[in-house]
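Secondary and tertiary structure notes
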Amino acid sequence: LESRLKTGMKPVYQAIQAEIIRDVDDHFRDEKSENAHWAPLASQTIINREKRLKSPKTSRGILKDRGLLRGSFLGRTKTNNQVTALQARVGTAVEYAGIHNFGGIIHVGEQRPKPGKKALRFYDGGGNPVFAKKIKAHSVRIPKREFAWISKKSKDAMTKIVASQLQKDWDK
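Here is a short report on the structure shown in this document. (Residues numbered from 1 in each chain as written. Predicted model: local features only at pLDDT ≥ 70, side-chain atom pairs only at ≥ 80, totals over all residues. Heavy atoms only, no water.)

1. Thoughts on the layout of surface pockets
As a volume, the largest pocket reaches approximately 1300 Å³. The wall of the largest pocket is formed by 32 residues, among which Thr45, Asn48, Arg49, Arg52 and Asp65 lie closest to the centre. Only helix H3 (43-53), helix H4 (68-71), strand E3 (104-108), strand E4 (120-123) and strand E6 (138-142) provide two or more residues apiece to the lining of the largest pocket. It is H3 that contributes the most residues to the lining of the largest pocket, six residues altogether. Partitioned by chemical class, the residues of the lining of the largest pocket number 15 nonpolar, seven polar and 10 charged. (1 Å grid on protein atoms, 1.4 Å probe; cavity = no way out; pocket = protein on both sides within 12 Å on 5 of 7 lines; lining within 4 Å. Points joined across faces, edges and corners; volume = space filled by probe spheres on them. Helix = DSSP H or I, 4+ residues; strand = E, 2+ residues; numbered from the N terminus. Nonpolar A, V, L, I, M, F, W, Y, C, P; charged D, E, K, R; others polar.)

Written out as structure tokens, the structure reads:
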């Protein structure tokens, strides 16, 4: 045990980090928070996604449109793996992660066409294109879709990881 305290617990932290990342992956796959399934996508979001993807009825799921948020968690790749002898870090630097995890209201400023464009294009509830010279500033409510939580299954797995390492150290 004394040698473990001197050298740190990097292998344990690596295993814990891997367990947390697996757990977060499960939350994205199941589209579920600790106590409930995530709110469904708004019908307008589905319409806009189908038009953008040019594929009717295509759905990659909630919070999985491009996979950027899910794939952004630290530890996912060796280049952003943050484990030391004293700690493991798991998180994301994606700026919109918090609003999706906790929910809230975002304020969208007035929108106008990009230079050289005559109008903005979006789609109405029937999937028909609508063009506008500007869209007034407005607010949008983003529902809470909690993905950054640790399940009981993962907590139990992490307890076993630590207990197993301590047993190995005591048996030395």
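2. Some thoughts on the environment of Ala148
Looking at the element boundaries, Ala148 is found in the loop between E6 and helix H6 (152-171). Remark: the alpha-carbon pair of Ala148 and Val24, spanning 124 residues in sequence, is separated by 6.3 Å.

3. Points about the environment of Ile105
Relative to the assigned elements, Ile105 resides in strand E3. Spatially, the C-alpha atoms of Ile105 and Val140 are 5.6 Å apart, while their sequence positions differ by 35 residues. With residues near it in sequence (within four places) discarded, Ile105 still touches Ile99, Ser139, Val140 and Arg141. (Contact = heavy atoms within 4.5 Å.)

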